[in-house]
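Here's the letter readout for the chains.
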Protein chains: 2
Amino acid sequence: MRDLRVRWALEEAALPYRVESVPFGERKAEHFSHQPFGQVPWLTDGDISIFESGAILLHLGERSAALMPTDPRGRAETLEWLFAALNSVEMASLPWSIFQFSGLTGDAPGWKGLEAFLNSRLQHMESVLGGREWLAETFSIADILMADVLRLVDRFDGLAEYPACRGYVARATARPCFVKAHADQMAHFAAAD
Amino acid sequence: MRDLRVRWALEEAALPYRVESVPFGERKAEHFSHQPFGQVPWLTDGDISIFESGAILLHLGERSAALMPTDPRGRAETLEWLFAALNSVEMASLPWSIFQFSGLTGDAPGWKGLEAFLNSRLQHMESVLGGREWLAETFSIADILMADVLRLVDRFDGLAEYPACRGYVARATARPCFVKAHADQMAHFAAAD
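Residues numbered from 1 in each chain as written. Chains lettered and ligands numbered in written order. Predicted model: local features only at pLDDT ≥ 70, side-chain atom pairs only at ≥ 80, totals over all residues. Heavy atoms only, no water.

### Considering the packing of helix α4 (residues 72-101) of chain B against helix α6 (residues 141-155) of chain B
Residues and elements named next belong to chain B.
Piece 1. Here α4 crosses α6 at 15 degrees, and the two axes come no closer than 8 Å. As the angle between them shows, α4 and α6 are arranged roughly parallel. In this structure, the crossing between α4 and α6 has a hand that is left-handed. Residues T78, W81, L82, A84, A85, L86, V89, E90, S93 and W96 of α4 pack against I141, A142, L145, M146, V149, L150 and V153 of α6.
Piece 2. For the contact of α4 with α6, the per-class residue count stands at 14 nonpolar, two polar and one charged. (Axes fitted to C-alpha atoms, helices over the stretch in contact; angles between N-to-C directions. Helix = DSSP H or I, 4+ residues; strand = E, 2+ residues; numbered from the N terminus. Parallel < 35°, antiparallel > 145°, perpendicular 65-115°, else oblique. Left-handed = near helix turned anticlockwise from the far one by under 90°. Contact = heavy atoms within 4.5 Å. Nonpolar A, V, L, I, M, F, W, Y, C, P; charged D, E, K, R; others polar.)

Right under this line is the structure:
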C-alpha cells in the first residue's frame, strides 16, 4: 500500500501522473527490471525508473518546492526526517504492526520488547511534534512518510498515549491532497477487483 | 557503530573531518537538539546539523562525485539502492541479527519467520550482485550502506549460501578508505576506554 505515499506527493506537487497496476500473482522479468525485490511501487519519469518509496519521494521533492524546502537548512531537515520516518520509526512500528495484525500481543514471546522499542521512539516523536506543526519548516515529503507511518500505528490504537502524534496524523490526513490520494487508491483497488 | 558509514564516506570523498564523542550515559538536552532520538551519529557541516546515517550520506554524496554519480540516471540508481539497503535489506537483517546475537535461533518463537524474510531479500540481492560490481554505475554511498549492512549479516555467517553477496562485501571492505575508517573507529573506541 506504499503507493499511497507516492500518490499523495504527486497530488501535493500538482504533478500530472498515471497509475498502472501490475499482476498480483507471479512476477515477470519486466517487473524485476524495475523493482529487483519484485515489489511495488516504482516510478517512471521520462527515461528514469526508480523504486523504493523513500527514493521516489526524494526524486519528486527535488522537482517541487511544495514537497521540499529549497534552502540548505530546510533541505537538510527534510532529509533527516525522511530517513528518521523510515529507519527510526517504521523500523520499530512495522514488526509491532505485524504482531498486532497476527494477534501476537499480551504474553506472546517477543511482544513486550517490540512494544517497548516502539514506545521509546514514540516518546521522542511526541516531544518533537508537541512543538511544531510539520517536521521541517514547511510541509514536506518527510511529513508524508512520517504521517503515513504513524497513521498505521494509530489504526491499532498505538497512539492512545501520544496526543501530539495523534494531532499530527489528524492534521496531515485532513489535507485535501491526502484525502484525494486515499480515495483514488481505494477506487483503484475496487476497480481492480 | 553507524558512525563507520559516515567515516568511510568522508574518506572516499577526501573531505576533511573531525570526530567527537558524546558521553554514553544520560543524554543531555544539547544532544537531543542535534539528534531527537538521543542516538549517534550526527554531522555538523557549517551551520547545518544533520542526523540519520542515510541522510548524512546523502548530504555528503551531494558534495562529491566520488560518492554519487552526477548524471540523472546514476543519481536515481544511487538513491533507490541507498533506500533499499536501509528499508529492504536492513529492515530484515536487523531483527535477524538481534535474534542471532541473543542466541534466539533454532526453535525460538519467531526465528523461522525472520530467517525466511532475510533469505528472501538475500536471494534478490544475490541475483543483482551476480551481475555487477557496484549497485550504481560506479561506487557510491549506496555501496557504503549496503556493504555495511551485508557485512554484519556475514559476521553471523548469514551469507554462506550467497557467494555474490560475499564477494561484494569482500570487494567493498578491501577498499583502502574502508580499511582506514574501520581502523580509525577501533582506535577511537580504544582511546575512549
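### Description of the confidence of the model for chain A
Residues and elements named next belong to chain A.
Piece 1. Considering every residue of chain A, the mean pLDDT works out to 89; 96% of them sit at 70 or more.
Piece 2. When pLDDT is averaged over each element of chain A, helix α7 (residues 163-173) comes out on top at 98 and helix α2 (residues 29-34) at the bottom at 81.
Piece 3. Both scores are available for the predicted complex, with the pTM at 0.85 and the ipTM at 0.78. (pLDDT = per-residue confidence, 0-100.)

### What about helix α3 (residues 53-61) of chain B?
Note that an α-helix has 3.6 residues per turn; residues three or four places apart therefore point the same way.
Piece 1. When you tally the buried positions in α3 of chain B, you get nine out of nine residues, the bulk of the element.
Piece 2. Taken together, the buried positions of α3 of chain B are occupied by S53, G54, A55, I56, L57, L58, H59, L60 and G61 of chain B. (Buried < 20%, exposed > 50% of the residue type's maximum accessible area, 1.4 Å probe, protein only.)

### A few points about the relation of the copies chain B and chain A
Piece 1. For the match of chain B to chain A, the screw axis carries a shift of 0.0 Å, the RMSD comes to 0.0 Å, and the turn is 180 degrees. Interpreted geometrically, this transformation is the action of a two-fold axis.
Piece 2. In this assembly the copies share their binding face: 100% of the residues contributing to the interface of chain B also contribute to that of chain A. (Least-squares fit on C-alpha atoms with pLDDT ≥ 70 in both.)

### Re the interface of chain B and chain A
For an interface, size is often stated in terms of accessible area lost upon the parts coming together.
Piece 1. Contacts between the two partners involve 36 residues from chain B and, on the opposite side, 36 residues from chain A.
Piece 2. Summing the contributions of chain B and of chain A, the shared interface buries around 3,300 Å²; its carbon and sulfur component is 68%.
Piece 3. Counting the contacts that link chain B with chain A gives four salt bridges.
Piece 4. In this structure, E62 of chain B engages R75 of chain A in a salt bridge whose closest nitrogen and oxygen atoms are separated by 2.2 Å.
Piece 5. The tally of links between chain B and chain A comes to 10 residue pairs in polar contact (both at pLDDT 80 or more).
Piece 6. Elements with a contribution of two residues or more to the side of chain B that touches chain A: β2 (48-51), α3, α4 and α5 (111-129) of chain B.
Piece 7. Counting residues per element, the side of chain B that touches chain A draws most heavily on α4 of chain B, which supplies 17 residues.
Piece 8. Broken down by class, the residue content of the side of chain B that touches chain A amounts to 22 nonpolar, six polar and eight charged. (Buried area = accessible area lost by both parts, 1.4 Å probe. Salt bridge = Lys/Arg side-chain N within 4 Å of Asp/Glu carboxyl O. Polar contact = N/O pair within 3.5 Å; in protein donor to acceptor, adjacent residues only side chain to side chain.)

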